[in-house]
Amino acid sequence: MSAIGVIATLTVAEGKNEDFEAVFGELAAAVRANEPGNVFYTLTRSRSNPQVYKVLEQYVDQDALTAHGASDYFKAAGPKLGPCLAGAPDIEYLDVL
């Protein structure tokens, strides 16, 4: 199996940036500590629109990506992140070459 990249684009509601970044920071720390199949998991913010964030992710294979989505901390982050978002995330999956 080949490595998988993910770009998740998230638009955060006005006034919710600080809350979003705090919750995401906890999630990212848990991913780094518990997922040996995760190569990187990085939150970035748009320079042109501070409400738009992109999560850059890479996993060694599909099993690692599946384990990420099934983790308790990932599932627990959803209800905390949801109220911070202005809409549904846009998730793009990529094949690493």
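One can find the structure itself at the top, above this paragraph.
Residues numbered from 1 in each chain as written. Predicted model: local features only at pLDDT ≥ 70, side-chain atom pairs only at ≥ 80, totals over all residues. Heavy atoms only, no water.

Visitor: When you look at a nonpolar patch on the surface in this model, what are you seeing that I'm missing?
Guide: Where nonpolar side chains cluster on the molecular surface, the patch consists of V39, F40, L56 and V60 and spans about 300 Å² of accessible area. Along the polypeptide, F40 turns up in strand β2 (residues 38–45). Given the relative accessible area of 33%, F40 is considered partly exposed. (Patch = residues over 30% accessible without salt bridge, like charges linked within 9 Å, V, L, I, M, F, W, Y side chains within 5 Å. Areas by Shrake-Rupley, 256 points an atom, 1.4 Å probe, with all protein chains shown as cover. Salt bridge = Lys/Arg side-chain N within 4 Å of Asp/Glu carboxyl O. Helix = DSSP H or I, 4+ residues; strand = E, 2+ residues; numbered from the N terminus. Buried < 20%, exposed > 50% of the residue type's maximum accessible area, 1.4 Å probe, protein only.)

Visitor: Whenever I open this one, the environment of G25 confuses me. Can you help?
Guide: On the secondary structure map, G25 appears in helix α1 (residues 17–34). Overall, the relative accessible area of 36% leaves G25 in the partly exposed class. The sequence separation of G25 and K75 amounts to 50 residues, and the corresponding C-alpha distance is 15 Å.

Visitor: Can you help me understand the side chain of N38 in this one?
Guide: Within the secondary structure, N38 is located in strand β2. Looking at N38, its side chain comes within polar contact range of the main-chain oxygen of F40, at 3.1 Å. Sequence-distant contacts of N38, that is, excluding residues within four places in its chain, are made with V31, Q58 and Y59. (Polar contact = N/O pair within 3.5 Å; in protein donor to acceptor, adjacent residues only side chain to side chain. Contact = heavy atoms within 4.5 Å.)

Visitor: Before we go on, may I ask you to explain the sheet that holds β2 in this structure?
Guide: The strands making up a sheet are joined through hydrogen bonds of the backbone, oriented either antiparallel or parallel. If you trace the four strands from one edge of the open sheet to the other, you get β2-β3-β1-β4, paired in antiparallel fashion. The sheet is open, and its two borders are formed by β2 and β4 (90–95), each paired with just one other strand. Here the strands of the sheet are splayed against their neighbours by 15 degrees on average, with no regard to which way each runs. As judged from the eight bridges shared by strand β1 (residues 4–11) and strand β3 (residues 52–59), these two strands associate in the antiparallel manner. Residue T9 lies in a different strand from β3, and its bridge partner there is K54. The sheet strands contacting α1 are β1, β2 and β3, and the helix crosses β2 at an angle near 170 degrees. The sheet contacts of helix α2 (residues 62–70) involve β1, β2, β3 and β4, and relative to β3 the element is tilted by about 130 degrees. (Pairing = 2+ DSSP bridges. Axes fitted to C-alpha atoms, helices over the stretch in contact; angles between N-to-C directions.)

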